[in-house]
Amino acid sequence: MTAPRPQNVSLEVAIASLQGAIYSESGGANRIELNSALPLGGLTPSLGLVKAVIERVRLPVIAMVRPRPGGFCYGEEDWRVMQKDADLLLEAGAAGLAFGYLKTEGEVDIPRTRMMLRQMEGRAAVFHRAFDLTPDPFEALEMLIDLGVTRILTSGQASTAAEGAEVIRRLIKQAAGRIEILPGGSIRAHSVADLIKATGCDQVHAALRVSRSDPSTVTRPHLRFGLNTGLPEGEFEEVDEESVRAMRATLDGAANTQ
């Protein structure tokens, strides 16, 4: 089924560096999600990075609150850290926070989500892709609407947003403007027009990165200093400005096509 075409499509770029923020802004992004450790799915960024980004770019900054990789059912110690991180990130000037609290069986942790929303005092609250683990996304949608969450980041409970497009379309229809639905998950410029057509989404979340090289590791190429991310030790991923520009052009073209 083809969904109604939106008039304007916003672009949020997932970043983990000041350079990524600069490239996102110059490439035409509307908003950034600021993380550390994107190969781990994104963790809480440092305060130094948050302050540097806010000082350098004009884009709204959504800061990730996630203290560890893995799932989203947190013990008391992690929960206390997340509360403290949330306070510090908001004090630093974040426009909003991305977070997700689940119970052991994947249901939305309503008490902790409600406490986080009170702590945020009206700034943008994004329930991230923890949503994709909920047993019934349509029931979870209503819970998050009732709680007052601003936005849900979702791949439609599939590995990619393209594969989850039908669920995303249904979520957007059910939401009916009561909450924002932000599709994310392997979205690229060459496929985003089809996603917009299939879902009727008016915003997308993308990680538009390329591999960069750091030559300092060449003297000991056999040494590793972290998880095996699939890249050689001397390589890392960074936002690609041209990919952001290509996505922006595609989104503008999709919105203008009758």
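Everything below is about the structure printed above this text.
Keep in mind that what you see is a predicted model, and the values were worked out from it rather than measured.

Student: Give me the lowdown on the overall build of the chain, citing residues and values where you can.
Tutor: Each helix and strand in the chain was counted, giving eight helices and ten strands. A compact globule built from 258 residues would reach a C-alpha radius of gyration of about 18 Å, and the chain, at 18 Å, matches this within 12%. The C-alpha extent of the chain, read off along each of the three principal axes, is 55 × 50 × 35 Å. Residue burial in the chain is summarised as follows: out of 258 residues, 47% are buried.

Student: I'd love a proper account of the side chain of Thr160, names of residues and values included.
Tutor: Summarising the element assignment, Thr160 is placed in the loop between β6 (151-154) and α6 (165-175). By relative accessible area, which is 17% here, Thr160 ends up buried. At 3.1 Å, the side chain of Thr160 forms a polar contact with the backbone nitrogen of Glu163. Excluding its chain neighbours within four sequence positions, the residues that come into contact with Thr160 are Ser155, Gly185 and Ser186.

Student: Can you tell me about helix α5 (residues 137-147), naming the residues and giving the values?
Tutor: Among all positions of α5, only Pro137, Phe138, Ala140, Leu141, Leu144, Ile145 and Leu147 are buried. Its buried side turned inward, α5 meets α4 (110-120), β5 (124-127), β6, α6 and β7 (180-183). For α5, the side-chain oxygen to backbone nitrogen distance between the N-cap and Phe138 is 3.0 Å, and the N-cap itself is Asp136. Following α5 by one or two positions, Gly148 has its phi on the positive side, about 100 degrees.

Student: Can you tell me about the sheet that holds strand β3 (residues 61-64), naming the residues and giving the values?
Tutor: Each strand in a sheet pairs with another by means of backbone hydrogen bonds, the pair being arranged parallel or else antiparallel. Judged by pairing direction, the sheet is parallel, and its eight strands sit side by side in the order β7-β6-β5-β4-β3-β2-β1-β8 without closing on themselves. In this open sheet, the two edge strands, each paired with only one partner strand, are β7 and β8 (203-206). Strand-to-strand, the axes of this sheet are offset by a mean angle of 25 degrees, without reference to chain direction. Alignment of β3 against strand β4 (residues 96-99), held across three bridges, turns out to be parallel. From the neighbouring strand, Ile62 faces β4, where its bridge partner is Gly96.

Student: So, the pattern of salt bridges: which residues are in play, and what are the values?
Tutor: For side chains bearing opposite charge, pairing can occur when the charged atoms are close. On inspection of all chains with the given rule, the structure shows twelve salt bridges. A salt bridge links Arg178 to Glu142; the nearest nitrogen and oxygen atoms lie 2.7 Å apart. A residue pair is termed long-range when its members are at least 10 positions apart, and Arg178 in the loop between α6 and β7 and Glu142 in helix α5 qualify at 36 residues. Accessibility expressed as a relative area gives 42% for Arg178, which makes it partly exposed. In this structure Glu142 comes out as partly exposed when scored by relative accessible area, which is 25%. Here Arg151 makes a salt bridge to Glu180, at a shortest N to O gap of 2.8 Å.

The rules behind each value
Residues numbered from 1 in each chain as written. Predicted model: local features only at pLDDT ≥ 70, side-chain atom pairs only at ≥ 80, totals over all residues. Heavy atoms only, no water. Helix = DSSP H or I, 4+ residues; strand = E, 2+ residues; numbered from the N terminus. Rg over C-alpha atoms; globule rule 2.2 N^0.38 Å. Buried < 20%, exposed > 50% of the residue type's maximum accessible area, 1.4 Å probe, protein only. Polar contact = N/O pair within 3.5 Å; in protein donor to acceptor, adjacent residues only side chain to side chain. Contact = heavy atoms within 4.5 Å. Pairing = 2+ DSSP bridges. Axes fitted to C-alpha atoms, helices over the stretch in contact; angles between N-to-C directions. Salt bridge = Lys/Arg side-chain N within 4 Å of Asp/Glu carboxyl O.

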